Amino acid sequence: MIRKTSLAAMAASLVLLAASGCAVTRGQESVGAYIDDAGITTMVKSRFFEDKDVAGTSISVETLNGTVMLSGFAKNSLERNKAETIARGVKGVKSVRNEIAIRP
């Protein structure tokens, strides 16, 4: 039983290390920066889905070194601005680039 748990933990660690190693070449300074960016992206997306004024499925979120890039479509300027405000409120966000287009 302990052997299976140890093997599973080792396999999970290798997968995480391999995935993180690939992402670091994307421009992050370290594996830690990649993990921080992934956490920021996840938090922003979850807050979009919790908010009734923001359509989380219509807005994409990418984070690189603490800079969040929002893209996609909003129904109006209220939704566009609310999405930016939500992103700015997430811990670890250094800046936000709001490229969300308003649908006519």
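Residues numbered from 1 in each chain as written. Predicted model: local features only at pLDDT ≥ 70, side-chain atom pairs only at ≥ 80, totals over all residues. Heavy atoms only, no water.

Novice: Teacher, can you tell me more about the sheet that holds strand β2 (residues 67-74) here?
Specialist: Where strands meet in a sheet, backbone hydrogen bonds hold them as pairs that are either parallel or antiparallel. Here we have three strands laid out as an open sheet, ordered β1-β2-β3, and mixed in their pairing. On the outer flanks of this sheet lie β1 (59-64) and β3 (95-102), each paired with one strand and no other. Averaged over all pairs of adjacent strands, the angle between their axes in this sheet comes to 10 degrees, without regard to strand direction. Here β2 runs beside β3; their pairing, made up of eight bridges, is parallel. Its bridge partner lying in β3, Ser 71 is registered against Glu 99. Sheet strands in contact with helix α3 (residues 77-88) are β1, β2 and β3, and its direction is about 160 degrees off that of β3. (Pairing = 2+ DSSP bridges. Helix = DSSP H or I, 4+ residues; strand = E, 2+ residues; numbered from the N terminus. Axes fitted to C-alpha atoms, helices over the stretch in contact; angles between N-to-C directions. Contact = heavy atoms within 4.5 Å.)

Novice: Honestly, the pairing of β1 in this entry has me stumped. Any pointers?
Specialist: The two faces of β1 differ: Ile 59, Val 61 and Thr 63 on one face are buried, but Ser 60, Glu 62 and Leu 64 on the other face are not. By the bridge criterion, six bridges tie β1 to β2 in an arrangement that is antiparallel. Along β2, the bridge assignment pairs Ser 60 with Ser 71. Hairpin connection, β1 to β2: the antiparallel pair is bridged by two residues, and Asn 65 has positive phi, about 55 degrees. (Buried < 20%, exposed > 50% of the residue type's maximum accessible area, 1.4 Å probe, protein only.)

Novice: Honestly, the side chain of Thr 63 in this entry has me stumped. Any pointers?
Specialist: Relative to the helices and strands, Thr 63 is located in strand β1. Residue classification places Thr 63 among the buried positions, given a relative accessible area of 5%. Looking at Thr 63, its side chain comes within polar contact range of the side chain of Thr 41, at 2.6 Å. (Polar contact = N/O pair within 3.5 Å; in protein donor to acceptor, adjacent residues only side chain to side chain.)

Novice: Looking at this structure, I do not really get the pattern of salt bridges. What am I missing?
Specialist: If charged atoms from side chains of opposite charge come close, those side chains can pair. Under the defined criterion, the tally for this structure stands at six salt bridges. Across the pair Lys 82 and Asp 51 runs a salt bridge, and its minimum N-O distance is 3.1 Å. Of this pair, Lys 82 sits in helix α3 while Asp 51 is found in the loop between α2 (31-50) and β1, placing the two residues 31 residues apart along the sequence. The exposure class assigned to Lys 82 is partly exposed, which follows from its relative accessible area of 27%. Put simply, Arg 97 and Glu 99 hold a salt bridge, and the shortest N to O gap is 3.7 Å. Judged by its relative accessible area of 43%, Glu 99 falls in the partly exposed class. The network of salt bridges with common partners includes Asp 51, Lys 52, Asp 53 and Lys 82. (Salt bridge = Lys/Arg side-chain N within 4 Å of Asp/Glu carboxyl O.)

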